[in-house]
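Structure assessment
Okay, here's what each chain looks like letter by letter:
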Amino acid sequence: MAQPGQDAKFFQRGKIEEFRADLQAAETKDKKFVKRKTVLKKIVANITMGNDMSPLFIDVVQCLGTPLLEIKKMVYLFLVSYGRSKPDQIHVVIPNFLQDCNDRNPLIRALAIRTMSYIPIPVVTDALTENLRHCLKDRDAYVRKTAAICVAKLYSADPRRAEKGGFVEMLRDLMLDSNATVVANAVAALSEIGDRQDGVIFRLNLTTANKLLAALGESSEWGQIYILDSLLRYVPERHADAETMAERIIVQLQHANSAVVLTTIKVLLYLMNYMENRRLIDYCCKKMGPPLVTLLSSGPEVQYVALRNILLIIQRRPAVLKNDVRVFFCKYNDPIYVKLAKLEIMYRLARAENANEVLAELQEYASEVDIDFVRKAVRSIGRLAIKVEAAADNCIQVLLDLIETKVTYVVQEAIIVIKDVFRRYPGKYEGIIPTLCENLDSLDEPESKAAMVWIIGQFANRIDNADELLDDLLYTFLEESVEVQLALLTAAVKLFVYKSKSDRAKELVHKVLKWATEDVDNPDLRDRGFMYWRMLAINPTVAGEIVLAEKPAITTDSDRMDRGALDQLLLHTGTLGSIYHKNPETFIRNATGKALVDSPALNPHSRAVLIGMTPVQLPPTVISVPGPGPNETHAAPPEAVSTDDAEAPPPPAPKDSRADDEDEDAAGSDQDDGDAEPTGKRDPYSNLDGAFGNYLADEPQPLGANNRGGRHNEVDDLLF
């Protein structure tokens, strides 16, 4: 066997003619196949480097008669690369394929069947079908596990052939194989077929799920991931079934592989929706915390994946990490994307008991050098004041200290969040308004300027020189952004309502209304100007009641994801969807969505916000082939339901009958979030703008907004 690094000499660009001459010379003078092996290594190295070696197709294929396994591997690798691009020459290889499929060596049998599955050409697929059937029943486990994956490739190339040939049923039988690797590969193949929009529905019953769990301990790491992931296809009918399964898989949380840990957490979170034993749910939450914390000792990339998943988990199950907020304190050498993710989790985990500790940490971050990180830290201080009333006084004091630093971007962020604090605690902190007004000249960003204008207008009756301040701000009215112009317009009307007898207030409001209705092109601003002008002209008293109407108290509940959408996203824990915080079908073409399935064991809170999956209507030509197919004579198995017989028109995507029993109100209430939007009219790549942003939902909403089915009754598993 070659020592590591010795093959580096083969990675040099070669000429087709030289390789062909070397292969031809090796046929007569190479009894031990050394020269032939060397030439093939050079060819494979050139393929790896991206050089086109397809002109050597016939010359390389002739080496298949060599009995040496290493040479066969390289020839088959060549065929995988160029087989599908040579449909007119591939028939030359078929006899060798058939011969190797019956070889005594299981490695060669598996190699032949795997290579054939990589070449989706009809003549190869015809030869593959019968040999694949034999390999699925081969006496050697290595051949069987390779054949299981080949079924998925055959289904991808020709779904009708795979279904009519009974290969899906054979895969189902392989799930009960005595070899754990074969079981894992059968599950992986069925999962891939079941995830296709034109695939069969892959469901597990209790018996099959228990047999898969029995193979879990003997499987490899990736085999365990496939088996665990397939458990999401099992819908418990009784609380006891879900609880027993959770107890059996919870030991996998101790695994060293982070992917196994995240997949186990995903399954546990799924099963908790069907569990009734509160003590067991609390125990599972307690057990999930340490493995998640351990992931944070990995590299920054793994940390980021873990943090994005943790952000979802703690919104649904805050008890998992409620005592571990210190773990998420930022380190000086953390990358910015890790710091921002930790910052959001710190805020999520903050409560009265640890608010002062979190506040002290946020105050430290506000003096960092990274401007974006400082902005987020200052904004988090304001959000903390809104979330934890007991810490509001300390938060305000910290914000005032930060304003005293006179650092422009710090002052602006502080003013933005103080506006929300005024809304959250009306009549409590207005004494700091003079301090804010002193920093009016340092505001140069639209959001901060609009916030300051709102404060001046809202409290114009308490600010003696409010008219002077507004007059100064109005000098640049026509050059300001729309956000600031709208704020100035409303503030001027509020000033006039408060001080209707002031000539200066009358002059200001008249000037602003004239600009808004005559000199501005923005329709929103112009319409609001006309509306205010009409109200003030007809009945100033009513105008005052409308403009100065009591504002509802705000809360931070709105920055928590909708419960139904959260349950759906948690089914993608450990995948790309959990990093984007978006369902995969929104950014991956032809991806199949997941959702909780209703059953007698589903707990009431989850059922109240159940999201129904909208079946995707496929075009009728997806899996059709010319000519009538054979009649279907065998019954469809319970775990894998195939389509109707071939003489009928090809059906639309299969639909699970259990979806019909879902709560229509719950499904309908989530249409506003875009979950039930018709798939055919939606661009799956259109909603990725905030995939890596949106760490903070910066604008709290009034109480009662966004509170759909069951939010206030979720004290048991959503709130501390």
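It should be emphasised that the depicted structure is a prediction, and the values quoted were computed from it without experimental measurement.

This part takes up the overall build of the chain. Looking only at helices and strands, the chain has 33 helices and four strands in total. For the chain, the proportion of its 720 residues judged to be buried stands at 52%. Restricting to contacts in the chain with at least 6 residues of sequence separation, those with at least 24 account for 71%. Roughly 33300 Å² of accessible area belongs to the chain as shown, and the carbon and sulfur atoms make up 50% of that amount.

Our focus in this paragraph is the packing of helix H26 (residues 482–498) against helix H27 (residues 503–519). Working note: a packed helix pair is described by the angle between its axes plus the distance between those axes. Axis separation between H26 and H27 bottoms out at 9 Å; the angle between their running directions is 150 degrees. In terms of orientation, H26 lies roughly antiparallel with respect to H27. The handedness of the crossing between H26 and H27 is left-handed. On the side of H26, the interface is formed by Leu 489, Ala 492, Val 493, Leu 495 and Phe 496, while H27 contributes Ala 505, Lys 506, Leu 508, Val 509, Val 512, Leu 513 and Ala 516.

Our focus in this paragraph is unusual backbone geometry. Positive phi, close to 65 degrees, is recorded for Lys 406, a residue that is not glycine. Along the chain, the position of Lys 406 falls in the loop between helix H21 (392–404) and helix H22 (408–424). Within the chain, Asn 590 stands out as a residue other than glycine whose phi angle is a positive 65 degrees. Position of Asn 590 among the secondary structure elements: in the loop between helix H31 (576–580) and helix H32 (604–608). Relative accessible area serves as the criterion here: at 60%, Asn 590 is assigned to the exposed category.

Turning our eyes to something else, we now look at the pattern of salt bridges. This structure, assessed with the given rule, holds 31 salt bridges. Residue Arg 379 pairs with Glu 447 through a salt bridge whose shortest N-O separation is 3.4 Å. Here the residue Arg 379 occupies a position in helix H20 (residues 371–387), and Glu 447 occupies one in helix H24 (residues 446–458), the gap between them amounting to 68 residues. Arg 379 sits in the buried class, given a relative accessible area of 8%. A salt bridge links Lys 511 to Asp 471; its shortest N-O distance comes to 3.6 Å. Taken as a pair, Lys 511 in helix H27 and Asp 471 in helix H25 (residues 466–473) lie far apart in primary sequence, 40 residues in all.

This paragraph deals with the confidence of the model for the chain. Mean pLDDT for the chain: 82, with 83% of residues reaching 70 or above. Model confidence for the chain, summarised as mean pLDDT per element, is weakest for helix H33 (residues 664–669) at 35 and strongest for helix H15 (residues 258–272) at 95. This stretch, residues 618–720, has a pLDDT under 50; its non-local contacts, to residues over four places away or in other chains, come to 177 contacts.

Bringing the nonpolar core into the picture now. In this structure, Ile 43, Leu 79, Leu 132 and Phe 422 are the most contacted members of the largest nonpolar core, which totals 219 residues. What Leu 79 contacts, discounting residues up to four positions off in sequence, is Phe 57, Val 61, Leu 64, Ile 90, Val 93, Phe 97, Thr 115 and Ile 119.

What follows deals with H26. Owing to its 3.6 residues per turn, the α-helix brings residues three or four apart onto one side. The terminal C-alpha atoms of H26 lie 24 Å apart, and with 17 residues this matches the ideal 24 Å at 1.5 Å per residue to within 8%. H26 sits mainly inside the fold: 13 of its 17 residues count as buried.

Following the criterion strictly, the structure yields zero disulfides and no others. Cys 285 supplies the cysteine sulfur nearest to Cys 284, a cysteine that is in no disulfide, at a spacing of 7.0 Å.

With that settled, consider a negative patch on the surface. Side chains of Glu 364, Glu 368, Asp 370 and Asp 372 sit close together on the surface and give a patch of like negative charge. Here Glu 364 lies in helix H19 (residues 355–365). For Glu 364, a relative accessible area of 53% translates into the label exposed.

Turning next to the packing of aromatic side chains. For the structure shown, the criterion picks out eleven aromatic pairs. On the basis of an interplanar angle of 10 degrees and a centroid distance of 5.7 Å, the ring pair of Tyr 76 and Phe 97 is categorised as stacked. Taken together, the residues Tyr 76 in helix H4 (residues 69–82) and Phe 97 in helix H5 (residues 94–101) connect sequence positions 21 residues apart. The exposure class assigned to Tyr 76 is buried, which follows from its relative accessible area of 1%. Residue classification places Phe 97 among the buried residues on the basis of a relative accessible area of 0%. Between Trp 454 and Phe 459 the ring centres are 6.2 Å apart and the planes differ by 90 degrees, which places this aromatic pair in the edge-to-face class. Here the aromatic cluster, defined as three or more aromatic residues joined through ring pairs, consists of Phe 57, Phe 78 and Tyr 82. One cation-aromatic arrangement involves Lys 339 over Phe 373; the distance from NZ or CZ to the ring centre is 5.3 Å.

Here Asn 105 shows up in the loop between H5 and helix H6 (106–117). Between the C-alpha atoms of Asn 105 and Asp 140, which are 35 residues apart in sequence, the distance is 9.8 Å.

Turning our attention to H5. Among all positions of H5, only Ile 94, Asn 96, Phe 97, Asp 100 and Cys 101 are buried. Projection of H5 onto a plane perpendicular to its axis shows the buried side chains occupying an angular sector of 160 degrees, all on one side.

Now for the side chain of Gln 224. On the secondary structure map, Gln 224 appears in helix H13 (residues 221–230). Look at Gln 224 and you get buried, because its relative accessible area is 6%. Aside from chain neighbours lying at most four places away, what touches Gln 224 is Leu 216, Ser 219, Gln 252, His 255 and Val 260.

Turning next to the environment of Val 260. Tracing the chain through its elements places Val 260 in helix H15. Along the backbone, Val 260 and Gln 224 are 36 residues apart, and their C-alpha atoms lie at a distance of 6.9 Å. Discounting chain neighbours no more than four positions away, the residues touching Val 260 are Glu 221, Gln 224, Ile 225, Leu 228, Gln 252 and His 255.

A few words on the environment of Leu 400. You can see Leu 400 is positioned in helix H21. Overall, Leu 400 belongs to the buried group, its relative accessible area being 15%. As for Leu 400 and Ala 414, which are separated by 14 residues in sequence, their C-alpha atoms are 8.1 Å apart. Discounting residues that sit within four places of it in the chain, Leu 400 has contacts with Ile 432 and Thr 435.

Conventions used here
Residues numbered from 1 in each chain as written. Predicted model: local features only at pLDDT ≥ 70, side-chain atom pairs only at ≥ 80, totals over all residues. Heavy atoms only, no water. Helix = DSSP H or I, 4+ residues; strand = E, 2+ residues; numbered from the N terminus. Buried < 20%, exposed > 50% of the residue type's maximum accessible area, 1.4 Å probe, protein only. Contact = heavy atoms within 4.5 Å. Areas by Shrake-Rupley, 256 points an atom, 1.4 Å probe, with all protein chains shown as cover. Axes fitted to C-alpha atoms, helices over the stretch in contact; angles between N-to-C directions. Parallel < 35°, antiparallel > 145°, perpendicular 65-115°, else oblique. Left-handed = near helix turned anticlockwise from the far one by under 90°. Salt bridge = Lys/Arg side-chain N within 4 Å of Asp/Glu carboxyl O. pLDDT = per-residue confidence, 0-100. Core = buried A, V, L, I, M, F, W, Y, C linked by side-chain atoms within 4.5 Å. Expected span 1.5 Å × (residues − 1). Disulfide = S-S within 2.5 Å. Patch = residues over 30% accessible without salt bridge, like charges linked within 9 Å, V, L, I, M, F, W, Y side chains within 5 Å. Lys, Arg positive; Asp, Glu negative; His and termini not counted. Charge placed at Lys NZ, Arg CZ, Asp CG, Glu CD. Phe/Tyr/Trp six-rings, centres within 6.5 Å; stacked < 30°, edge-to-face > 60°. Lys NZ or Arg CZ within 6 Å of the ring centre and 35° of its normal. Arc of directions from axis to C-beta.

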